[in-house]
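Architecture at a glance
Letter by letter, the chains look like this.
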Amino acid sequence: MVFLNGRFLPIEEARVPVLDRGFIFGDGVYELVPVYSRVPFRLDEHLARLERSLGEVRIQNPYGRGQWRELVYRLVDAQPFEDQGVYFQVTRGVAKRDHALPQGIEPTVFMMANPLVTPPAELVARGAAAISAQDYRWLRCDIKSISLLGNCLLRQVSAEAGAVETILFRDGKLTEASASNVFIVKGGVIASPPKSHLILPGITYDVVCELAAANALPLELREVTEAEVRGADEVWVTSSSKEVLAVVTLDGAPVGSGRPGPVFGRMHRLYQDFKEKVMRAGKREAVSA
Ligand SMILES: Cc1ncc(COP(=O)(O)O)c(C=O)c1O
């Protein structure tokens, strides 16, 4: 069961006109909310980011916060599986093809839920391989746009090398990865680039920062150079589906000891415990670190 423009229906019956600007221009924004045991994780934060993305690209938000929440709950409850990735996107809508933004059209809203695939325990224990690339994406990476061609082509670089992520550098500085944020650890201090137009403000990134603060783990949000990443003791990638995952090789060279480090071990545990706490609290309550 998926949701399209006001209706719940089987995915086979969901149809979008070919002139939808999402199809023609990639003109839309999206979100992916992880759901554990039918409890959406950080739903309000995801909805706040959606609202921001819509505002930045000047697409009228078709629903209020409460309506979005209800739609997510209904979709979650309609699935036969417990852990879900709820994907939703809003495109500008259907109009005659013209670059300039059309006025007075209805946005297209599509939502679906798939089984959530998080890293298997064996990958968490062993750590992942990553490849680096130059970040050639546009300069509004803070918008969660459905125009993901740059991210897809950059992800393919690591996919072809059998690696889990592509870590991106722009002008000698770390930005993020093709579908995750990146943290490093050196001498026990965690560091990650600050939020800017060059990275997506990750919801998992925020959770990691909050958990670090709540547990007295030193963390700096500052520019991180490519040399620092290559010389780091630990490198992690974070996202709603990868959660917190250690990177143990970069371009084939070991990161630190070549094994997931102690700070990663600590943060991974904190993250799992935090998830448990959220699940226990139930789906209508906000939980802080
Ligand atoms: C480019 C990019 N950066 C970072 C993230 C991590 O964001 P979040 O933690 O909200 O999933 C994603 C997630 O899809 C992403 O696509």
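Note: the structure precedes this text.
Quick summary incoming for the structure in this document.

1. Some points on the overall build of the protein chain
A tally of regular secondary structure across the protein chain gives 8 helices and 15 strands. For 289 residues, the compact-globule formula gives about 19 Å, and the C-alpha radius of gyration of the protein chain, at 19 Å, lands near that figure. With respect to the principal axes defined by its C-alpha atoms, the protein chain has extents near 55 × 45 × 30 Å. Out of the 289 residues belonging to the protein chain, those deemed buried represent 50%. If the 34 positive side-chain charges of the protein chain are averaged to one point and the 35 negative ones to another, these points end up 2 Å apart.

2. Quick word on the site of the ligand
The immediate surroundings of the ligand are formed by 18 residues, with R49, E176, I203, T204 and S240 found nearest. K144 is positioned with one of its side-chain polar atoms (N or O) 3.2 Å from an oxygen atom of the ligand. Note that an oxygen atom of the ligand is positioned 2.8 Å from one of the backbone N or O atoms of I203. Look at the ligand: alone it shows 390 Å² of surface, and the protein chains cover 91% of it.

3. Things to note about the packing of helix 2 (residues 43–56) against helix 3 (residues 65–77)
Interhelical geometry of helix 2 versus helix 3 gives an angle of 125° and a closest axis separation of 11 Å. Taken together, the axes of helix 2 and helix 3 are oblique relative to one another. Every pair of crossing elements has a handedness; the one defined by helix 2 and helix 3 is right-handed. For the pair helix 2 and helix 3, contact is made by L43, D44, L47, A48, L50 and E51 and by R65, W68, R69, V72 and Y73, respectively. When grouped by side-chain class, the residues that make up the contact of helix 2 with helix 3 number 7 nonpolar, no polar and 4 charged.

4. A look at the sheet that holds strand 2 (residues 7–9)
With respect to topology, 6 strands assemble into an open sheet ordered 2-1-6-5-3-4, the strand pairing being antiparallel. Looking at the sheet topology across the chains shown, the edges are occupied by strand 2 and strand 4 (39–40). In the sheet, strand 5 (residues 84–91) pairs with strand 6 (residues 108–115) via 8 bridges, with the strands oriented antiparallel. Residue pairing in the sheet places Q84 in a bridge with P115 of strand 6.

5. Side note on the side chain of D20
Within the element layout of this structure, D20 appears in the loop between strand 2 and helix 1 (21–25). The buried charged residue D20 lacks any salt bridge partner; its closest oppositely charged side chain belongs to R21, at an N-O distance of 7.7 Å. For D20, the side chain forms a polar contact with the side chain of T108, separated by 2.5 Å. Beyond its immediate stretch of four places on either side in the chain, D20 contacts T91, G93, V94 and T108.

6. Points about the environment of G188
With respect to the helices, strands and loops of the structure, G188 is situated in the loop between strand 10 (181–186) and strand 11 (189–192). Along the chain, G188 and L217 lie 29 residues apart, while their C-alpha atoms are 8.2 Å from each other.

7. Brief notes about unusual backbone geometry
Of all residues except glycine, most have a negative phi; of all peptide bonds, most are trans. Unlike most non-glycine residues, D171 shows phi in positive territory, near 55°. Residue placement: D171 occurs in the loop between strand 8 (165–170) and strand 9 (173–177). Phi is positive for D251, close to 55°, though the residue is something other than glycine. In this structure, D251 sits in the loop between strand 14 (243–250) and strand 15 (253–254).

8. So, the pairing of strand 10
Side-chain direction in a regular strand flips from residue to residue, so the side chains alternate between the two faces of the sheet. The buried fraction of strand 10 amounts to 5 of the 6 residues, a majority that puts the element mostly inside the structure. Both strand 10 and strand 13 (residues 234–239) contribute to a ladder of 5 bridges, which runs antiparallel. Within the sheet, the bridge partner assigned to N181 lies in strand 13 and is T238. When strand 10 meets strand 11, the two strands line up antiparallel, connected through 3 bridges. In the sheet register, I184 faces strand 11, and the bridge partner there is A191.

9. Here we look at the pattern of salt bridges
Summed over all chains, the structure comprises 26 salt bridges. Measuring nitrogen to oxygen at the nearest pair gives 2.8 Å for the salt bridge that ties R49 to E31. Taken together, the positions of R49 in helix 2 and E31 in strand 3 (residues 28–36) put the pair 18 residues apart, joining distant regions of the chain. An identical accessibility class is assigned to R49 and E31; each is buried. The salt bridge involving R170 is made with D135; its shortest N-O contact spans 3.6 Å. Taken together, the positions of R170 in strand 8 and D135 in the loop between strand 7 (128–134) and helix 5 (149–160) put the pair 35 residues apart, joining distant regions of the chain. For the pair R170 and D135, a shared accessibility class is recorded, and that class is buried.

About the thresholds
Residues numbered from 1 in each chain as written. Predicted model: local features only at pLDDT ≥ 70, side-chain atom pairs only at ≥ 80, totals over all residues. Heavy atoms only, no water. Helix = DSSP H or I, 4+ residues; strand = E, 2+ residues; numbered from the N terminus. Rg over C-alpha atoms; globule rule 2.2 N^0.38 Å. Buried < 20%, exposed > 50% of the residue type's maximum accessible area, 1.4 Å probe, protein only. Lys, Arg positive; Asp, Glu negative; His and termini not counted. Charge placed at Lys NZ, Arg CZ, Asp CG, Glu CD. Near = heavy atom within 4 Å. Polar contact = N/O pair within 3.5 Å; in protein donor to acceptor, adjacent residues only side chain to side chain. Areas by Shrake-Rupley, 256 points an atom, 1.4 Å probe, with all protein chains shown as cover. Axes fitted to C-alpha atoms, helices over the stretch in contact; angles between N-to-C directions. Parallel < 35°, antiparallel > 145°, perpendicular 65-115°, else oblique. Left-handed = near helix turned anticlockwise from the far one by under 90°. Contact = heavy atoms within 4.5 Å. Nonpolar A, V, L, I, M, F, W, Y, C, P; charged D, E, K, R; others polar. Pairing = 2+ DSSP bridges. Salt bridge = Lys/Arg side-chain N within 4 Å of Asp/Glu carboxyl O.

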